[in-house]
Amino acid sequence: MRLIALTGGIGGAKLALGFAKLLTPDEVSFVVNTGDDFEHLGFHISPDVDTLTYTLAEEANPETGWGRRDETWHFMETLERFGGETWFRLGDRDLALHAFRRTRLDAGATLTQVTRELCGKLGIAHDVWPMSDDPVRTRVRTSDGFLAFQHYFVRDRCAPAVTGFEFAGIDAAAVNPELVAALREPVRAVVICPSNPFVSVDPILDIPGMRDLLRGAGAPVIAVSPIIGGQAIKGPTAKMMRELSIPATTEQVAAHYAGLITAFVLDEQDASAQPAVEAMDLDTIVAQTVMGTLQDRVDLARTVLDFTDRLRAALRPTAN
Ligand code: FO1
């Protein structure tokens, strides 16, 4: 049976690597957010796809989590001299991936096809499925109007206070057909990796029909909390929650996914919140969700897999 893992950004990619270390390509597939995508310098940039791909290839820059390790920056240095846009850092090796994707998309390939080709070339056997092959663009609403996601996240360093989000194009976006087909087969569980619920996970879930498809998989739907002790390990999740007047707590993350998830993984630091989350009619476990090392990633993946198996055993109709 196949595990379906939903991910976006750097935190989710860490757990995804843990699953990839434990499960074969027949046992796990990854669905990744494309709401952060944007056209830039003539390229089609898919940051969360690339973060996941480089992470699974163990090529990701260990300091930043995005882009590649062992990079050089001659393109950026030269573009700077030309007065071009260098706020979004593109390393020389990373640039080749963007040029390749641009060429393949212009030749009519879908983002899924190009991602499959790139995974092959990077030695990744696992499925990396963009949530949709149709364009979805996250825009961040602030008191001064809307910002394109990368302008908010990178150019403005997440400084503007958010008042909401919109996912332009989402009403016309189709769920990736690969995922639709996979959800017709037996599913071990759906796992929402510890990514930003608002800008990394909601674009996936808000695609028309996605929630019903996931709920209809006949399997546990488990979210791993990206909030630990009122903070996000990385990124603006807690800051966004405060700006949206939502307490930056793990319970609020569970509440955010209410109606879809059947289970929730809290960090050890939030063990005191376990009764409150259980009261939401959710099965829960407490685990170490801070993934500093590769072993941490694998250990958390193992813990979540054991949790899915316990949940499935409870699901199975009792032989009467
Ligand atoms: N994030 C930054 O904070 N600064 C950057 O210059 C930057 C460049 C970049 C290039 C390629 C890529 O795939 C990702 C990149 N990111 C950068 C990360 C990216 O903005 C975020 O990872 C996602 O959009 C949010 O998860």
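Residues numbered from 1 in each chain as written. Predicted model: local features only at pLDDT ≥ 70, side-chain atom pairs only at ≥ 80, totals over all residues. Heavy atoms only, no water.

1. A word on the sheet that holds strand β6 (residues 137-142)
Here three strands make up an open sheet; going across it, the order is β7-β6-β8 and the pairing antiparallel. The open sheet has two free edges, formed respectively by β7 (145-148) and β8 (162-168), since each of these has just one partner strand. On average, each strand axis in the sheet is inclined to that of its neighbour by 30°, with strand direction left out of account. Alignment of β6 against β7, held across four bridges, turns out to be antiparallel. Across the sheet, the residue bridging to R139 is A148, located in β7. Across the sheet, helix α8 (residues 197-205) is in contact with β6 and β8; its angle to β8 comes to roughly 30°. (Pairing = 2+ DSSP bridges. Helix = DSSP H or I, 4+ residues; strand = E, 2+ residues; numbered from the N terminus. Axes fitted to C-alpha atoms, helices over the stretch in contact; angles between N-to-C directions. Contact = heavy atoms within 4.5 Å.)

2. A short note on the site of the ligand
The environment of the ligand is made up of 14 residues, and the closest members are D36, D48, F88, R89 and Q150. R89 is positioned with one of its backbone polar atoms (N or O) 2.9 Å from an oxygen atom of the ligand. Contact between the ligand and Q150: an oxygen atom at 2.7 Å from a side-chain N or O atom of the residue. Relative to its unbound accessible surface of 520 Å², the ligand loses 91% to contact with the protein. When residues of the shell around the ligand are traced back to their parent elements, those giving at least two are α2 (47-56) and α6 (149-155). At four residues, α6 tops the list of elements feeding residues into the shell around the ligand. (Near = heavy atom within 4 Å. Polar contact = N/O pair within 3.5 Å; in protein donor to acceptor, adjacent residues only side chain to side chain. Areas by Shrake-Rupley, 256 points an atom, 1.4 Å probe, with all protein chains shown as cover.)

3. A short note on the pattern of salt bridges
Per the stated rule, a full pass over the model turns up 15 salt bridges. Among the salt bridges present, the one from R2 reaches D127, with a minimum N-O distance of 3.4 Å. Of the two residues, R2 is situated in strand β1 (residues 2-7) and D127 in strand β5 (residues 127-130); the sequence distance between them amounts to 125 residues. By relative accessible area, D127 is classed as partly exposed at 23%. A salt bridge links R101 to D50; the nearest nitrogen and oxygen atoms lie 2.7 Å apart. On the criterion of sequence distance, the pair formed by R101 in helix α4 (residues 92-106) and D50 in helix α2 is long-range, its members being 51 residues apart. Overall, R101 belongs to the buried group, its relative accessible area being 0%. Accessibility expressed as a relative area gives 7% for D50, which makes it buried. Among the charged side chains, a salt-bridge network with shared partners connects E39, R102 and D106. (Salt bridge = Lys/Arg side-chain N within 4 Å of Asp/Glu carboxyl O. Buried < 20%, exposed > 50% of the residue type's maximum accessible area, 1.4 Å probe, protein only.)

4. Re the nonpolar core
Counting 51 residues, the largest nonpolar core has I4, L6, I192 and F264 as the members making the most contacts within it. Among the elements that make up this core, the one with the highest residue count is α8 (five residues). Residues contacting I192, with those up to four places away along its chain left out, are L6, V201, L205, I222, A223, V224, Y257, L260 and I261. (Core = buried A, V, L, I, M, F, W, Y, C linked by side-chain atoms within 4.5 Å.)

5. Some details on the sheet that holds strand β9 (residues 187-192)
Ordered in space as β5-β2-β1-β9-β10-β13-β14, the seven strands form an open sheet in which the pairing is parallel. This sheet does not close on itself; its edge strands, each paired only once, are β5 and β14 (283-287). Here the average twist between neighbouring strands, direction ignored, is 20°. Here three bridges tie strand β10 (residues 221-224) to strand β13 (residues 263-267), and the two strands are oriented parallel to one another. Following the sheet pairing, V224 is matched in β13 by V265. Here α8 sits on the sheet and contacts β1, β2 (28-32) and β9; the angle it forms with β1, its principal contact strand, is near 130°.

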